[in-house]
Amino acid sequence: MAKRKITAHNSTDGGKQRRSAGIRVLRFVSILLTILLGVVLIVSAYSGRISPLRYGGIWGLLQLSYPLWLTVMVFVVFIQLFYCRKGAFIGFAAMLFTAGPFLDFCPLNFSSRKPLPDAPVIKVMSYNAMGFFNKNYDVENQPEENLTLKYIIDSDADIVCVEEATFLFANKRFGVTHQLLDSLHSVYPYVYKNGDYQAFFSRYPAEPIHLDVNYKELEGYISAYRVTVDDRLLTVFSLHLRSFALDQSDKNAYRDLTELQPDGKRSAIGTMLHKITEANVSRARQAVKLLSFIRLYGGPDVIVCGDFNDCPDCYAIHKLNDAGFRSVYPEVGLGPMITYNSDRFYFCIDHILTRGGIRPLSIRKDRVRYSDHYPLIATLELMPTNKEGTWE
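All of the points below concern the structure found in this document.

Scoring rules and cut-offs
Residues numbered from 1 in each chain as written. Predicted model: local features only at pLDDT ≥ 70, side-chain atom pairs only at ≥ 80, totals over all residues. Heavy atoms only, no water. Phe/Tyr/Trp six-rings, centres within 6.5 Å; stacked < 30°, edge-to-face > 60°. Helix = DSSP H or I, 4+ residues; strand = E, 2+ residues; numbered from the N terminus. Buried < 20%, exposed > 50% of the residue type's maximum accessible area, 1.4 Å probe, protein only. Lys NZ or Arg CZ within 6 Å of the ring centre and 35° of its normal. Pairing = 2+ DSSP bridges. Axes fitted to C-alpha atoms, helices over the stretch in contact; angles between N-to-C directions. Polar contact = N/O pair within 3.5 Å; in protein donor to acceptor, adjacent residues only side chain to side chain. Contact = heavy atoms within 4.5 Å.

**Some words on the packing of aromatic side chains**
Taken as a whole and assessed by the stated rule, the structure comprises 14 aromatic pairs. Arranged with centres 5.4 Å apart and planes meeting at 75°, the rings of Phe-78 and Phe-82 form a pair that is edge-to-face. Of this pair, Phe-78 and Phe-82 both sit in helix H4 (residues 66-83), 4 residues apart, roughly one helical turn. Residue classification places Phe-78 among the partly exposed residues on the basis of a relative accessible area of 48%. Judged by relative accessible area, Phe-82 falls into the exposed class, the value being 67%. Considering the side-chain rings of Tyr-340 and Phe-345, the 6.5 Å spacing of their centres and the 75° angle between planes classify their relative orientation as edge-to-face. Members of the aromatic cluster, each reached through a chain of ring pairs, are Phe-132, Phe-133, Phe-167, Phe-169 and Phe-174. The ring centre of Tyr-374 lies 6.0 Å from the NZ or CZ of Arg-367, which sits over that ring.

Written as structure tokens, this is what we have:
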């Protein structure tokens, strides 16, 4: 009887040891997976600093995926807290290592800024207007009054940079009446049209700067203007960098991918990813061209705004950061922001940046869905200068 008891006891201990060994293996595997996920998270967070011109456009694609990997890591860390504390610590350390990109993507500015006494304050709007075509109506049933143009007139912005401004003349089909154009010129005495794609409106005296650029070769649009605000000269660069140029089949493939139904669509998804990587290379080339124009015409106080077709930590913005520019939203915004509102591309791809004695006070996204983009309006303070010409 005693031997049987000992045998049963040994059998129980062996089962416990096997279960314990299995748990240790599972924990080890979970730690390895967390480390791998952490590496992917860190690489995606900082891949916007890698030149697509030198190393290929795939890095820009990785940068776009950063919010996805961050969401996965948050979930993994939460699970690991109850399963493997060491894995949770590794995941948390990886997230902490990407704090800089995270604050660009999701700034945490809880306090508001107040302007200095007697300092000029201006409002600058950046808006991809989708050709002044209201997407809430079909082509044959546009509203009698163009709602996009009416919104801009009523926006209280001092300077407006419009992308995809395909026309700016009376057009009954799209509700652009002579009365509406008269209102536009009444509010904005300085109105300029750059080719078939960009428009610029200003309450303050403004004149265009001629840029020697072949837009067909550039595959994007850049325009520049001198604006005088209370004897202060500002240079404003308005841009529309190359889009992904996705057609409807690409968008359908992306929709299926986001619904976790990629079966049978691998070739379409591959084509879509190829277009995205090609666009990343083109935008890097456009950023280099933009910086050459800024060096030639920029001056001390410069505003750059427009449709970058890329996220807050993209290569173009890092190149501008290296040239002394600051993105307005990370400096004064709160929480993540989405400026594109179609086809499930939930990204912030419109940006406003400043350099010199321009202090951002606030920025807002107006939730008008006339276009596939939301308009951005930044409130900027022109800091006073002292006798030496430096900002106080």
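**Some points on the sheet that holds strand E1 (residues 121-128)**
Strands in a sheet are paired, the pairing made by backbone hydrogen bonds, and the direction either parallel or antiparallel. One open sheet holds the 6 strands; their spatial order is E3-E4-E2-E1-E12-E11, and the pairing between them is mixed. Edge positions in the open sheet fall to strand E3 (190-194) and strand E11 (358-365), since each of these has one partner strand only. Ignoring which end each strand starts from, the neighbouring axes of this sheet average 15° apart. Sheet topology note: the E11/strand E12 (residues 376-382) ladder contains 7 bridges and is antiparallel. Looking across to E12, one finds that Arg-364 is bridged to Ile-377.

**Some remarks on the environment of Asn-341**
Checked against the element boundaries, Asn-341 lands in the loop between helix H13 (328-332) and strand E10 (350-355). Given a relative accessible area of 9%, Asn-341 falls into the buried group. Separated by 231 residues in the primary sequence, Asn-341 and Phe-110 have C-alpha atoms spaced 25 Å apart. Looking at Asn-341, its side chain comes within polar contact range of the side chain of Lys-135, at 2.6 Å.

**Brief notes about the sheet that holds E10**
Read from one edge to the other, the open sheet built from 6 strands follows the order E5-E6-E7-E8-E10-E9, with strand pairing classed as mixed. Taken across any chain shown, the strands that pair with only one partner, and hence form the sheet edges, are strand E5 (206-209) and strand E9 (326-327). One ladder, built from 2 bridges, connects E9 with E10; its direction is antiparallel. In the strand pairing of E10, Arg-326 is matched with Thr-354. Packed onto the sheet, helix H12 (residues 315-322) meets strand E8 (302-307), E9 and E10 and runs at close to 10° relative to E10.

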